[in-house]
Amino acid sequence: AVVLDVTLPDISGTVVFEMIRGEWPNLPIVISTGQMCDPSIFALGRQPHTEFLMKPYASKELLERIGRIVAD
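Residues numbered from 1 in each chain as written. Predicted model: local features only at pLDDT ≥ 70, side-chain atom pairs only at ≥ 80, totals over all residues. Heavy atoms only, no water.

Per the secondary structure count, the protein chain includes 3 helices and 3 strands. N-terminal to C-terminal, the α/β element order of the protein chain is β-α-β-α-β-α. By the compact-globule yardstick of 11 Å for 72 residues, the protein chain fits well, its C-alpha radius of gyration being 11 Å. If you line up the protein chain on its principal axes, its C-alpha atoms span 30 × 30 × 20 Å. Counting across all 72 residues of the protein chain, residues that qualify as buried make up 35%. Considering only residue pairs separated by 6 or more positions, the protein chain has 43% of its internal contacts joining residues 24 or more positions apart. Carbon and sulfur atoms form 60% of the exposed surface of the protein chain, whose accessible area is close to 4500 Å². For the protein chain, the distance from the average site of its 6 positive side-chain charges to the average site of its 9 negative ones is 7 Å. (Helix = DSSP H or I, 4+ residues; strand = E, 2+ residues; numbered from the N terminus. Rg over C-alpha atoms; globule rule 2.2 N^0.38 Å. Buried < 20%, exposed > 50% of the residue type's maximum accessible area, 1.4 Å probe, protein only. Contact = heavy atoms within 4.5 Å. Areas by Shrake-Rupley, 256 points an atom, 1.4 Å probe, with all protein chains shown as cover. Lys, Arg positive; Asp, Glu negative; His and termini not counted. Charge placed at Lys NZ, Arg CZ, Asp CG, Glu CD.)

And the structure:
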């Protein structure tokens, strides 16, 4: 599984997401951010094998999200 922060210094998290999906279409991805972002980021979280998680979060919450997408 990948935990991907969408706010990256040198590249868009959306671009990284698409790169990962292109190479490994079924890899579980948890998209995370601490900032309110545009609706397109939330839309990524509705794709198969993907969850969206707002920061701050507890490790239990992260593990639950990973468990859900691994079970898909």
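Now that the structure is up, let's keep going.
Right, let's talk about the sheet that holds strand 2 (residues 29–33) for a bit. In spatial order, the strands read 1-2-3; together these 3 strands make up an open sheet with parallel pairing. The open sheet has two edge strands, strand 1 (2–5) and strand 3 (50–54), and neither has a second partner. Pairs of neighbouring strands in the sheet enclose a mean axial angle of 25°, with direction left out of account. Of the pairings in the sheet, the one linking strand 2 to strand 3 comprises 5 bridges and is parallel in character. From the neighbouring strand, Ile31 faces strand 3, where its bridge partner is Phe52. Here helix 1 (residues 13–23) sits on the sheet and contacts strand 1, strand 2 and strand 3; the angle it forms with strand 1, its principal contact strand, is near 155°. The strands touched by helix 3 (residues 59–71) are strand 1, strand 2 and strand 3; relative to strand 3, the strand with the most contacts, the crossing angle is about 165°. (Pairing = 2+ DSSP bridges. Axes fitted to C-alpha atoms, helices over the stretch in contact; angles between N-to-C directions.)

So, about the environment of Leu27. With respect to the helices, strands and loops of the structure, Leu27 is situated in the loop between helix 1 and strand 2. The exposure class of Leu27 is partly exposed, given its relative accessible area of 25%. Along the chain, Leu27 and Leu53 lie 26 residues apart, while their C-alpha atoms are 17 Å from each other. If sequence neighbours within four positions are ignored, Leu27 has contacts with Ala1, Val2, Ile20, Arg21 and His49.

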